[in-house]
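Here's the letter readout for the chains.
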Amino acid sequence: MTVDPNLDTGLPIRLLHDRVLVKVDGSEGERRSTAGIVIPATAAVGKRLAWATAVGVGPHVRAVVAGDRVLFDPDDRSEVELHGRGYVLLRERDVHAVAAERVEHEPTGNTGLYL
C-alpha cells in the first residue's frame, strides 16, 4: 500500500483489499462556471461525478496509485476524518476513471472488466 506522506495521521494506516482513500478536490460550496458565473451551493444540479486525488491505496488495487486523480460518484461514498481533514474511502470498482500521466491508451482488445 502507498500512503501520501502529507497525510500525517500520527499512526500508520494500511488500507485493506481494494480500498482507495481520496481527498476531494475543491469544496462542495459555491463554484464558478467556466464563464465566471457563480453557482451557489444550494443550486440543484443533476447527477454529477466528482474528481479527487488518491492519497492511499490497498494491496489489491490494480489501476490507481497514490497521486492519481480519480473520478467517482459522490453519492456512493464513505467519509472519514483524519486529524481534522476530510477524506473519502472508495472501493476500486467505484472509481469511474483515472487521470495520470502514466496512463496510456490500452490495446483495443483489453476491456478492463472485472471477472
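Residues numbered from 1 in each chain as written. Predicted model: local features only at pLDDT ≥ 70, side-chain atom pairs only at ≥ 80, totals over all residues. Heavy atoms only, no water.

So what exactly am I meant to see when it comes to the nonpolar core here?
Soluble globular proteins: nonpolar side chains tend toward being buried together. Counting residues in hydrophobic clusters, the biggest one holds 13 residues, and the most contacted among them are Val 20, Val 22, Val 64, Val 70, Phe 72 and Leu 90. For this core, the elements supplying multiple residues, two or more each, are strand S2 (19–24), strand S5 (50–57), strand S6 (69–72) and strand S8 (85–91). Take this core: its biggest share by element is four residues, from S5. Every residue in contact with Phe 72, bar those within four places of it in the chain, is listed here: Val 24, Leu 49, Ala 50, Trp 51, Ala 52, Arg 77, Val 88, Leu 90, Asp 94 and His 96. Residues Leu 15, Leu 21, Leu 82 and Tyr 87 belong to the second largest nonpolar core, which totals five residues. (Core = buried A, V, L, I, M, F, W, Y, C linked by side-chain atoms within 4.5 Å. Buried < 20%, exposed > 50% of the residue type's maximum accessible area, 1.4 Å probe, protein only. Helix = DSSP H or I, 4+ residues; strand = E, 2+ residues; numbered from the N terminus. Contact = heavy atoms within 4.5 Å.)

For this particular structure, what's the right way to read the pairing of S6?
Side-chain direction in a regular strand flips from residue to residue, so the side chains alternate between the two faces of the sheet. Summarising the sheet, S5 and S6 pair through four bridges and their orientation is antiparallel. Along S6, the bridge assignment pairs Ala 50 with Phe 72. As paired strands, S6 and strand S9 (residues 95–99) are joined by four bridges and run antiparallel to one another. Counterpart to Arg 69 in the pairing with S9 is Ala 99. (Pairing = 2+ DSSP bridges.)

Even after reading the chapter, I still don't get the pattern of salt bridges, so can you show me in this structure?
Opposite charge on two side chains lets them pair, provided their charged atoms get close. Taken as a whole, this structure holds one salt bridge when the rule is applied. Here Asp 18 and Arg 19 are joined by a salt bridge, their closest N and O atoms 2.8 Å apart. (Salt bridge = Lys/Arg side-chain N within 4 Å of Asp/Glu carboxyl O.)

How should the side chain of Asp 18 be read in this particular structure?
As for its placement among the helices and strands, Asp 18 is situated in the loop between strand S1 (2–3) and S2. Note on Asp 18: relative accessible area 19%, which makes it buried. Other than its neighbours up to four places away in sequence, Asp 18 contacts His 60, Val 61, Leu 90, Arg 91 and Glu 92.

Would you take a moment to explain the side chain of Asp 68 for this structure?
By secondary structure assignment, the location of Asp 68 is in the loop between S5 and S6. On the basis of relative accessibility, which here comes to 4%, the residue Asp 68 falls in the buried class. At 3.1 Å, the side chain of Asp 68 and the backbone nitrogen of Val 65 are in polar contact. In contact with Asp 68, not counting residues within four places along its chain, are Ala 52, Thr 53, Ala 54, Ala 63, Val 98, Ala 99, Ala 100 and Arg 102. (Polar contact = N/O pair within 3.5 Å; in protein donor to acceptor, adjacent residues only side chain to side chain.)

Just checking my understanding: could you explain the confidence of the model for the chain for this structure?
Low pLDDT means the predicted coordinates in that region are not meant to be read closely. Summing up the model confidence of the chain, the mean pLDDT is 76 and the portion of residues at 70 or higher is 66%. At the level of individual helices and strands, the chain shows its lowest average pLDDT in S1, which scores 50, and its highest in S6, which scores 91. (pLDDT = per-residue confidence, 0-100.)

Hey, could you run me through the environment of Ala 99 in this one?
As for its placement among the helices and strands, Ala 99 is situated in strand S9. The spatial distance from the C-alpha of Ala 99 to the C-alpha of Arg 69 is 5.1 Å, given a sequence separation of 30 residues. Leave out the neighbours within four places in its chain, and Ala 99 touches Trp 51, Asp 68 and Arg 69.

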